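Understanding the architecture of this molecule
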Amino acid sequence: PVVEDDPDSSSLLLAVKRARTLALFLLLLSCTTAILEGYEETLAAHVSLSFFVPFLIGHGGNCGGMSVGAVISAIARGDARTPTSKYRLALREILAGCAVAVQLAALAALAMYLTGFDRDLSTVVVAALAAITALGAVCGSVIPLALDWLGLDTATT
C-alpha cells in the first residue's frame, strides 16, 4: 500500500492515489458549473455579481481547509478517539466557523459600503460570504471525522 509519509513509497503509486482523490474533487467542483449555469440569466442581469464568484469559492475552500487541518491534526495527536471527543472537536470547529462568519461578514459589509458597492449586491455577497464560511467549517470538520470513522486515511483520502 501507498503510505504518504513513507519515503520508500513509489512516486508513481503516490501520484495515482492522489490523482484519484483529486479527480473526485474535480467531479464535485464541476457541480459548481452546473449550479452557476442555472443562474445564467441572473448573472447576465447582474454582471458585477459574477466578479465575486471566484472570491467566494476560494474563500470557501480556505475556510474548509482550516477546519480540515485542525481536525486532522487532532486525529493525528489522538485527541479524537472517543465519540464524545469527536463531537466536541466538530462542535468547536463549527462554532468557530460561525463566529468567523459573523466577523468576516461585518468586515465585508463595511468594506463594500466604503467602496461604494450597490446595497443589494453587497447584501448578497455578504450573506453568501457568511454562509460559505460557516459551511466550509461544517464540511471541513465533519468530512475528516467521517473518513476516520470509515477507517480511511484522513490526510490523503
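Structure report, in brief. Because the structure is a prediction, the values reported are computed rather than measured.

Moving on, we come to the packing of aromatic side chains. Between two aromatic rings, the relevant description is the distance of the centres plus the angle of the planes. Within the structure shown, the criterion is met by 2 aromatic pairs. Relative to phenylalanine 55, the ring of phenylalanine 52 has its centre 6.4 Å away and its plane inclined at 80 degrees; by these criteria the two rings are edge-to-face. On the basis of relative accessibility, which here comes to 13%, the residue phenylalanine 52 falls in the buried class. Accessibility expressed as a relative area gives 45% for phenylalanine 55, which makes it partly exposed. Centre to centre, the rings of phenylalanine 52 and phenylalanine 117 are 5.4 Å apart; their planes meet at 70 degrees, and the pair counts as edge-to-face. You can see phenylalanine 52 sitting in the loop between α3 (47–50) and α4 (53–77) and its partner phenylalanine 117 sitting in the loop between α5 (83–114) and α6 (119–149), a full 65 residues away along the chain. Given the relative accessible area of 37%, phenylalanine 117 is considered partly exposed. Clustering of aromatic rings is evident, with ring pairs tying together Phe52, Phe55 and Phe117.

Time to look at the packing of α4 against α6. Taken N-terminus to C-terminus, the directions of α4 and α6 make an angle of 30 degrees; their axes are 7 Å apart at the nearest point. The angle between α4 and α6 places the two elements in the roughly parallel class. The chirality of how α4 crosses α6 is right-handed. Taken together, the residues of α6 that come into contact with α4 (itself represented by Phe55, Leu56, His59, Gly60, Cys63, Gly64, Ser67, Val68, Val71, Ile72 and Ile75) are Val125, Ala128, Leu129, Ile132, Thr133, Gly136, Ala137, Gly140, Ser141, Pro144, Leu145 and Asp148. Across the contact of α4 with α6, the residue classes break down as 14 nonpolar, 8 polar and 1 charged.

What follows deals with α5. An α-helical turn contains 3.6 residues, so any two residues separated by three or four positions project in the same direction. Relative to the 46 Å expected for 32 residues at 1.5 Å per residue, α5 spans 46 Å between its end C-alpha atoms, a close match to the ideal helical length. Buried within α5 we find Ser85, Lys86, Leu89, Ala90, Glu93, Gly97, Ala101, Ala105, Ala108 and Met112. Buried positions along α5 lie against α4 and α6. Immediately downstream of α5, the backbone of glycine 116 shows phi near 85 degrees, a positive value.

Mapped onto the fold, serine 85 is located in helix α5. With a relative accessible area of 19%, serine 85 lands in the buried category. A distance of 2.8 Å separates a polar atom in the side chain of serine 85 from the backbone oxygen of threonine 82. Discounting chain neighbours no more than four positions away, the residues touching serine 85 are Asp79 and Ala80.

About the thresholds
Residues numbered from 1 in each chain as written. Predicted model: local features only at pLDDT ≥ 70, side-chain atom pairs only at ≥ 80, totals over all residues. Heavy atoms only, no water. Phe/Tyr/Trp six-rings, centres within 6.5 Å; stacked < 30°, edge-to-face > 60°. Buried < 20%, exposed > 50% of the residue type's maximum accessible area, 1.4 Å probe, protein only. Helix = DSSP H or I, 4+ residues; strand = E, 2+ residues; numbered from the N terminus. Axes fitted to C-alpha atoms, helices over the stretch in contact; angles between N-to-C directions. Parallel < 35°, antiparallel > 145°, perpendicular 65-115°, else oblique. Left-handed = near helix turned anticlockwise from the far one by under 90°. Contact = heavy atoms within 4.5 Å. Nonpolar A, V, L, I, M, F, W, Y, C, P; charged D, E, K, R; others polar. Expected span 1.5 Å × (residues − 1). Polar contact = N/O pair within 3.5 Å; in protein donor to acceptor, adjacent residues only side chain to side chain.

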